[in-house]
Amino acid sequence: MSAPAAFSVEGLRTEQAPPLSIPASFVLVAPLAMLVTGLLLAWDGPAAMSTRYHPLAFAAAHLGALGFLGAVMLGALYQMIPVVAGAPVPWPRLAHLVHVAWTLGTGALALGLVTGHAGALAFGASSLGVALVLFLGPIAVALARAPTRDDTVLGIALAVAGLGSLACFGALFACVRLGLPVPRVDLQAGLAAHAALGALVWVGGLVTAVSWQVVPMFYLADPPPRAARRAMLAAVALALLGAPAA
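Just so you know, these numbers come straight off a predicted model, no measurement behind them.

Cut-off values and rules
Residues numbered from 1 in each chain as written. Predicted model: local features only at pLDDT ≥ 70, side-chain atom pairs only at ≥ 80, totals over all residues. Heavy atoms only, no water. Core = buried A, V, L, I, M, F, W, Y, C linked by side-chain atoms within 4.5 Å. Buried < 20%, exposed > 50% of the residue type's maximum accessible area, 1.4 Å probe, protein only. Helix = DSSP H or I, 4+ residues; strand = E, 2+ residues; numbered from the N terminus. Contact = heavy atoms within 4.5 Å. 1 Å grid on protein atoms, 1.4 Å probe; cavity = no way out; pocket = protein on both sides within 12 Å on 5 of 7 lines; lining within 4 Å. Points joined across faces, edges and corners; volume = space filled by probe spheres on them. Nonpolar A, V, L, I, M, F, W, Y, C, P; charged D, E, K, R; others polar. Axes fitted to C-alpha atoms, helices over the stretch in contact; angles between N-to-C directions. Parallel < 35°, antiparallel > 145°, perpendicular 65-115°, else oblique. Left-handed = near helix turned anticlockwise from the far one by under 90°.

Visitor: How should I be thinking about the nonpolar core in this particular structure?
Guide: General note: in soluble globular proteins, nonpolar side chains tend to be found buried as a group. Within the largest apolar cluster, 59 residues are counted, with the highest numbers of intra-cluster contacts made by Ile 81 and Trp 202. Taken together, the elements giving at least two residues each to this core come down to helix 1 (21–27), helix 2 (29–50), helix 3 (55–85), helix 4 (94–115), helix 5 (118–145), helix 6 (151–177), helix 7 (187–219) and helix 8 (226–245). No other element matches helix 3, which puts 14 residues into this core. Ignoring sequence-local partners within four residues, the contact set of Ile 81 consists of Gly 86, Ala 87, Val 89, Ile 139, Ala 142, Leu 143 and Ile 156.

Visitor: Please clarify how the layout of surface pockets should be interpreted in this entry.
Guide: Sizing a probe to match a water molecule and rolling it over the atoms shows the empty space that remains. Each pocket or cavity is described by its volume, and for the largest pocket that value is around 1100 Å³. Looking at the lining of the largest pocket, the element that brings in the most residues is helix 7, giving ten residues. For the lining of the largest pocket, the class distribution of residues is 28 nonpolar, seven polar and two charged.

Visitor: So what exactly am I meant to see when it comes to the environment of Val 83 here?
Guide: Topologically, Val 83 is positioned in helix 3. Relative accessible area serves as the criterion here: at 11%, Val 83 is assigned to the buried category. Along the chain, Val 83 and His 99 lie 16 residues apart, while their C-alpha atoms are 21 Å from each other.

Visitor: What am I meant to see in empty space enclosed by the protein here?
Guide: All told, the structure shown has one cavity of 30 Å³ or more when counted by the stated rule. In this structure, the largest cavity spans a volume of roughly 40 Å³. What lines the largest cavity is simply Gly 155, Leu 158, Gly 205, Thr 208, Ala 209, Trp 212, Met 232, Leu 233 and Val 236. Put simply, the parts of the chain that give the lining of the largest cavity at least two residues each are helix 6, helix 7 and helix 8.

Visitor: Any chance you could explain the packing of helix 3 against helix 5 here in plain terms?
Guide: Each pair of packed helices can be described by the angle between their axes along with the distance between the axes. As a packed pair, helix 3 and helix 5 sit with axes 11 Å apart at the nearest point and diverge in direction by 25°. When the axes of helix 3 and helix 5 are compared, the pair comes out roughly parallel. In the packing of helix 3 onto helix 5, the handedness of the crossing is left-handed. Across from Leu 66, Leu 74, Leu 77, Tyr 78 and Ile 81 in helix 3, the residues of helix 5 making contact are Leu 128, Leu 134, Phe 135, Ile 139, Ala 142 and Leu 143. Split by residue class, the contact of helix 3 with helix 5 holds eleven nonpolar, no polar and no charged.

Visitor: How should the packing of helix 6 against helix 7 be read in this particular structure?
Guide: At a minimum axis separation of 8 Å, helix 6 and helix 7 run at an interaxial angle of 155°. On the basis of their axis angle, the class for helix 6 and helix 7 is roughly antiparallel. Crossing geometry of helix 6 relative to helix 7 is assigned as left-handed. Residue composition of the contact of helix 6 with helix 7, by class: 18 nonpolar, ten polar and one charged.

Structure, rendered in structure tokens:
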């Protein structure tokens, strides 16, 4: 008996996948970030949980968002875009610099948030900024060159745009903490937009878009209706545009 159509891998360019060392290096950051987060919470968990504005709460949240989710998602995109979109990410060796800058930046940022040390905070924010520039540039080129333009690829592009917007808010907050001159902003609204972009567009948008490819493949399920996928893409696009405007 032939395999169901939902299990077909037709259209996937598995031969274009990057060396395993690239996504694996990012994935290996995740358990380290969770270990450090656990140590922080073991040190003074009640204080960290008392308010979301506590330095330990900020550090734990960023270790989870950057060190765990962020690192895994960056590594996954290096793997997914060539296979699903059909366009290899150019300059693959830059991924190793991205990995180093992302890891050091996440650790330094967490240290700066816990201790209030301006040097650690500045180094962390700068390293993360370098990592994002070196990541987003090649990823944008690959998406622009992609011969495949299905809903999954469009969803990935929206999620990547959300990451860029999310990073802009992060840079703004780093400047505020460092006492640098920035345009007057409502910090409460900015924090809400920062969280919404991270949860709804970057994480939610990417997980949703990739699920349209992998769930039918591995669970032998029918793909979601096209109307449902388009409605979800519209919701992610509205969140991308609406969160900063709010």
